[in-house]
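Tertiary structure, described
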Amino acid sequence: QVQLVESGGGLMQAGGSLRLSCAASGSIVRISAMRWYRQAPGKQRELVAAITSGATTNYADSVKGRFTISRDNAKNTVYLQMNSLKPEDTAVYSCNADLVSGSGLWPSRYWGHGTQVTVSS
């Protein structure tokens with residue numbers, strides 16, 4: 001069974017930094033895109049950042065210039081470096097990945113369960 005597990009969330013003061021990690025494990029043949037989402041209570045889920053297998057990146061306007069997504073293909077891990085954190089960044093951050101498992105031929109989308117990020121004023 002393929003699993004995605006996020007880590008690195010926590011409490012940080014505004015202006016501080018956190019780095020989130022999301023490690024995929026299981027029978028994985030190939031990972032294409034990996035993404036970070038966030039959702040705060042009462043808010044819509046938002047795509048924060050995405051990265052392709054070729055390391056092309058995209059960011060939400062709200063985090064552009066502050067967050068950096070990267071990946072380590074050898075470790076099947078995607079990272080989100082979050083700098084200059086703001087209180088409005090407070091949310092549950094989840095990762096997903098489009099990947100081909102050992103039993104599949106085309107990519108399927110898998111989700112992690114999320115990690116809480118809280119930014120104080």
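Just above sits the structure.
Heads up: these notes are all about the structure in this document. A quick note: this is a predicted structure, and the numbers were derived from the prediction, not measured.

Cut-offs applied
- Residues numbered from 1 in each chain as written.
- Predicted model: local features only at pLDDT ≥ 70, side-chain atom pairs only at ≥ 80, totals over all residues.
- Heavy atoms only, no water.
- Helix = DSSP H or I, 4+ residues; strand = E, 2+ residues; numbered from the N terminus.
- Rg over C-alpha atoms; globule rule 2.2 N^0.38 Å.
- Buried < 20%, exposed > 50% of the residue type's maximum accessible area, 1.4 Å probe, protein only.
- Contact = heavy atoms within 4.5 Å.
- Lys, Arg positive; Asp, Glu negative; His and termini not counted.
- Charge placed at Lys NZ, Arg CZ, Asp CG, Glu CD.
- Phe/Tyr/Trp six-rings, centres within 6.5 Å; stacked < 30°, edge-to-face > 60°.
- Lys NZ or Arg CZ within 6 Å of the ring centre and 35° of its normal.
- Pairing = 2+ DSSP bridges.
- Axes fitted to C-alpha atoms, helices over the stretch in contact; angles between N-to-C directions.

With that settled, the discussion passes to the overall build of the protein chain. For the protein chain, the count of helices and strands is zero helices and eleven strands. In sequence order, the secondary structure elements of the protein chain are arranged as β-β-β-β-β-β-β-β-β-β-β. In terms of C-alpha radius of gyration, the protein chain reaches 14 Å, essentially the compact-globule figure of 14 Å for 121 residues. Once the C-alpha set of the protein chain is aligned to its principal axes, its extents read approximately 45 × 25 × 25 Å. The 121 residues of the protein chain split such that 41% are buried. Pairs at least 24 residues apart make up 55% of the contacts formed inside the protein chain by residues separated by at least 6 positions. The positive charge centre, built from 12 side chains, and the negative charge centre, built from 7, are 3 Å apart in the protein chain.

Now for the environment of Asn 76. As for its position among the elements, Asn 76 is in the loop between strand S7 (67–72) and strand S8 (77–82). By relative accessible area, Asn 76 is classed as partly exposed at 24%. Sequence-wise, Asn 76 and Ile 28 are 48 residues apart; in three dimensions their C-alpha atoms are separated by 8.8 Å. If we ignore the near neighbours within four places in the chain, the residues touching Asn 76 are Cys 22, Ala 23, Ala 24, Ile 28, Ile 31 and Met 34.

By convention here, two paired aromatic rings are described through the distance between centres and the angle between planes. Taken as a whole and judged by the stated rule, the model has one aromatic pair. Both rings, one in Tyr 37 and one in Trp 111, keep their centres 4.8 Å apart while their planes meet at 40°; by these two values the pair is tilted. Highlighted residues: Tyr 37 in strand S4 (residues 28–39) and Trp 111 in strand S10 (residues 108–111), separated in sequence by 74 residues. You can call Tyr 37 buried: its relative accessible area is 11%. Residue placement shows Arg 45 over the ring face of Tyr 37; its charged tip is 5.1 Å from the ring centre.

Before going further, it helps to examine the sheet that holds strand S3 (residues 18–25). Paired through backbone hydrogen bonds, the strands of a sheet run either parallel or antiparallel to each other. Ordered by their spatial adjacency, four strands build an open sheet running S1-S3-S8-S7, and the pairing between neighbours is antiparallel. In this open sheet, the two strands that pair with only one neighbour each are strand S1 (3–7) and S7. When strand polarity is set aside, the average angle formed by the axes of neighbouring strands in this sheet is 15°. With five bridges joining them, S1 and S3 adopt antiparallel strand pairing.

On to the pairing of S8. Walk down a regular strand and you will see the side chains alternate between the two sheet faces. S8 sits mainly inside the fold: five of its six residues count as buried. By the bridge criterion, six bridges tie S3 to S8 in an arrangement that is antiparallel. Along S8, the bridge assignment pairs Arg 19 with Gln 81. Pairing geometry for S7 and S8, over six bridges, is antiparallel. Opposite Asp 72, over in S8, you have Thr 77 as the bridge partner. The antiparallel hairpin formed by S7 and S8 contains four residues in its connecting segment, where Asn 76 sits at a positive phi of about 50°.

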